[in-house]
Amino acid sequence: MALMKPVRSVGIVGYGAYVPRYRLASAEIGELWTDGNAITPVKQKSVPGLDEDVATMSIEAARNALRRATGVAPDKLGAVWVGSESHPYAVKPTSTIVAEALGATPHTQAADWQFACKAGTEALQAAIGFVGSGMSDYALAIGMDAAQGRPGDALEYTAGAGGAAFLVGPAESAIAEFEGSVSYVTDTPDFWRRQHERFPEHSGRFTGEPAYFHHITSAARELLDQTGLHPADFRYAIFHQPNAKFPLKVGEDLGFTRAQIEPGLLVNEIGNTYAGSSMIGLTAVLDIAAPGDRILLVSFGSGAGSDAFSIRMKETVDHHGAPATRDYVRRSLMINYATYSRFKENYKLN
Amino acid sequence: MEVARFWRTTGQRYQLTGEVCPNCGNKIFPPRDVCPACEHEAKTPYTFSGKGEVYSYSTIHAAPEGFEKYVPYTVALVRLEEGPLITAQLTDVDTKDVKVGMPVEMVTRVLREDGERGMLVYGYKFRPVLAGPR
């Protein structure tokens with residue numbers, strides 16, 4: 001498959017992250033369900049407050065993206081796209097709520113995207129095409145989730161909340177340029193949630209080799225082949241982060257070092273933010289990257305597929321007061337399982 | 001909340017859009033089309049920065065219907081940096097940490113929901129100002 005690259009060069013004009021304030025320690029979950037015997041996949045995860053959902057978190061990340069995108073008025077956005085598996089409504093777009101709050105309505109394309117944890121990067125890839133074809137000068141692609149895990153299930157330890165927004169625009173005004181991307185998908189049933197079900201199901205260890213590792217390595221190798229690049233050509237590499245072990249292992253399999261992966265690795269502090277996971281890792285890297293640095297981004301979504309991008313840093317970022325991703329990571333208040341249950345609205349008040 | 005009333009006030013609740021008086025420059029929130037300072041017609045939209053400080057506050061322990069799950073929570077009078085004083089719920093803050101004069105910023109959050117089947121109502125709340133970039 002040929003490298004996907006638009007006719008017109010495009011890049012990231014602005015970006016923004018969001019993570020809620022609350023954290024739940026894995027040890028707290030393990031204490032409740034396993035007498036403390038659980039092998040915890042992360043240290044802690046982020047938990048949304050009672051008044052937060054994918055719409056509110058997307059709005060804040062998008063406002064941060066617009067702050068960094070000097071001179072781009074909200075009504076210049078040709079698209080507002082939100083990728084998530086936890087849209088607040090089953091029927092009614094999240095994207096119109098976000099577009100309205102940003103001031104992007106009414107002359108904009110709004111849509112919600114869905115592909116488990118890959119919903120954000122597929123919106124990003126589409127935004128590259130949308131701007132790259134000349135249909136619009138600017139498109140906003142968001143990956144955001146308030147993830148659900150069944151109480152006591154392995155996913156409860158990692159199902160976090162947060163994500164990122166990327167304002168895609170012409171390369172001339174971008175802080176980083178997209179050098180090309182590939183997508184690799186198969187029908188692999190490693191994780192799903194049926195209609196009207198509250199919690200997702202997963203196929204245990206099957207989620208590893210045939211799902212996560214196969215799709216990420218296949219997409220990344222295809223991108224490297226098509227661009228003629230090698231792991232050493234990249235300063236940073238970000239892989240989807242469902243737990244602390246997988247991204248380091250897949251990076252090692254591909255020939256990347258810990259030094260390339262760790263700057264974008266947030267899962268130990270905020271958990272798996274699903275559609276936001278690899279994208280918020282990219283924002284943490286953009287906060288520290290220098291002009292000339294090359295960045296590899298590879299997402300993974302169950303069901304299953306990976307999008308891989310090569311990104312070249314062009315400019316030093318002017319933040320215009322937008323908080324850094326690590327500011328959100330540091331802003332943390334530990335809560336206990338009882339408060340967590342309250343935030344999940346597990347108690348009947350009436 | 002009725003759908004029609006919700007829909008009519010989306011601009012002010014999502015974006016803090018009020019008005020500015022073309023005669024005396026007074027910034028107005030909520031929008032009312034007449035300047036309360038000089039009584040001149042004022043229909044020019046003006047979007048507030050969302051920055052302000054706590055002017056006064058009260059902590060709610062006995063909440064009205066629809067807000068029970070948030071108790072205890074704090075409702076504040078916030079003095080916007082452009083002048084108007086508005087009432088809003090504070091969020092991402094412990095009630096004991098709220099102080100008069102505390103700098104706050106607007107965020108868009110879920111205000112309430114109309115039961116399990118009704119619509120979600122979003123709008124402005126205020127939280128302590130987040131640290132800026134390094």
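Shown above is the structure to which this text applies.
**Student:** What is the right way to look at the overall build of chain B in this model?
**Tutor:** Scanning chain B from terminus to terminus reveals two helices and eight strands. Helices (α) and strands (β) of chain B occur, in sequence order from the N terminus, as α-α-β-β-β-β-β-β-β-β. Dimensions of chain B, computed from C-alpha atoms along their principal axes, come out at roughly 45 × 40 × 30 Å. Across the 134 residues in chain B, those meeting the buried criterion constitute 42%. For chain B, the share of sequence-separated contacts (at least 6 apart) that also reach a separation of at least 24 residues comes to 47%. Charge separation in chain B, taken as the distance between the mean sites of 17 positive and 17 negative side-chain charges, equals 3 Å.

**Student:** I would appreciate a short explanation of the layout of surface pockets in the present structure.
**Tutor:** Taking a probe equal in size to a water molecule and rolling it over the atoms shows the remaining empty space. Residue and element names in this part refer to chain A. Here the second largest pocket is characterised by a volume of approximately 850 Å³. What lines the second largest pocket is a set of 29 residues, and nearest its centre among them are Gly-204, Thr-207, Gly-208, Asn-243 and Phe-246. Per-element tally for the lining of the second largest pocket: the top contributor is helix H5 (residues 208-227), with four residues. Considered class by class, the residues forming the lining of the second largest pocket number 14 nonpolar, 10 polar and five charged. Two domains each put at least three residues into the lining of the second largest pocket: domain 1 (11-175 + 323-343) and domain 2 (177-313).

**Student:** Which parts of the structure should I look at to understand the environment of Leu-286 of chain A?
**Tutor:** Residue and element names in this part refer to chain A. Relative to the assigned elements, Leu-286 resides in helix H9 (residues 277-286). Judged by relative accessible area, which is 0%, Leu-286 ranks as buried. Apart from the residues within four sequence positions on either side, Leu-286 is in contact with Ile-12, Tyr-15, Phe-166, Ala-176, Ile-295, Met-313 and Val-317.

**Student:** Sorry if this is basic, but what is going on with helix H6 (residues 245-254) of chain A here?
**Tutor:** Structurally, the α-helix is built with 3.6 residues per turn, so residues lying three or four positions apart point the same way. When H6 of chain A is considered as a whole, its buried residues turn out to be Phe-246, Pro-247, Leu-248, Val-250, Gly-251 and Leu-254 of chain A. Those residues of H6 of chain A hidden inside the fold are in contact with H5, strand S11 (236-239) and helix H7 (258-261) of chain A.

**Student:** Is there a simple way to explain unusual backbone geometry in this structure?
**Tutor:** Most peptide bonds take the trans configuration, and most residues that are not glycine carry a negative phi. With omega at -5 degrees, the peptide bond leading from Phe-29 of chain B into Pro-30 of chain B counts as cis. Along the chain, Pro-30 of chain B falls in the loop between strand S2 (27-28) and strand S3 (44-47). In this structure, the amide linkage connecting Val-71 of chain B to the following residue, Pro-72 of chain B, adopts the cis form with an omega of -10 degrees. Within the element layout of this structure, Pro-72 of chain B appears in the loop between strand S4 (51-60) and strand S5 (73-80). Notably, Asp-35 of chain A is not glycine yet its phi reads approximately 55 degrees, a positive angle. For Asp-35 of chain A, the location among the structural elements is in the loop between helix H1 (26-34) and strand S3 (44-47). Residue Asp-35 of chain A is classed as exposed on the basis of its relative accessible area, which comes to 66%. Its identity is not glycine, yet Glu-39 of chain B carries a phi of approximately 65 degrees, on the positive side. Mapped onto the elements of the fold, Glu-39 of chain B is located in the loop between S2 and S3. By relative accessible area, which is 68% here, Glu-39 of chain B ends up exposed.

Conventions and cut-offs
Residues numbered from 1 in each chain as written. Chains lettered and ligands numbered in written order. Predicted model: local features only at pLDDT ≥ 70, side-chain atom pairs only at ≥ 80, totals over all residues. Heavy atoms only, no water. Helix = DSSP H or I, 4+ residues; strand = E, 2+ residues; numbered from the N terminus. Buried < 20%, exposed > 50% of the residue type's maximum accessible area, 1.4 Å probe, protein only. Contact = heavy atoms within 4.5 Å. Lys, Arg positive; Asp, Glu negative; His and termini not counted. Charge placed at Lys NZ, Arg CZ, Asp CG, Glu CD. 1 Å grid on protein atoms, 1.4 Å probe; cavity = no way out; pocket = protein on both sides within 12 Å on 5 of 7 lines; lining within 4 Å. Points joined across faces, edges and corners; volume = space filled by probe spheres on them. Nonpolar A, V, L, I, M, F, W, Y, C, P; charged D, E, K, R; others polar. Domains from an automatic or database assignment.

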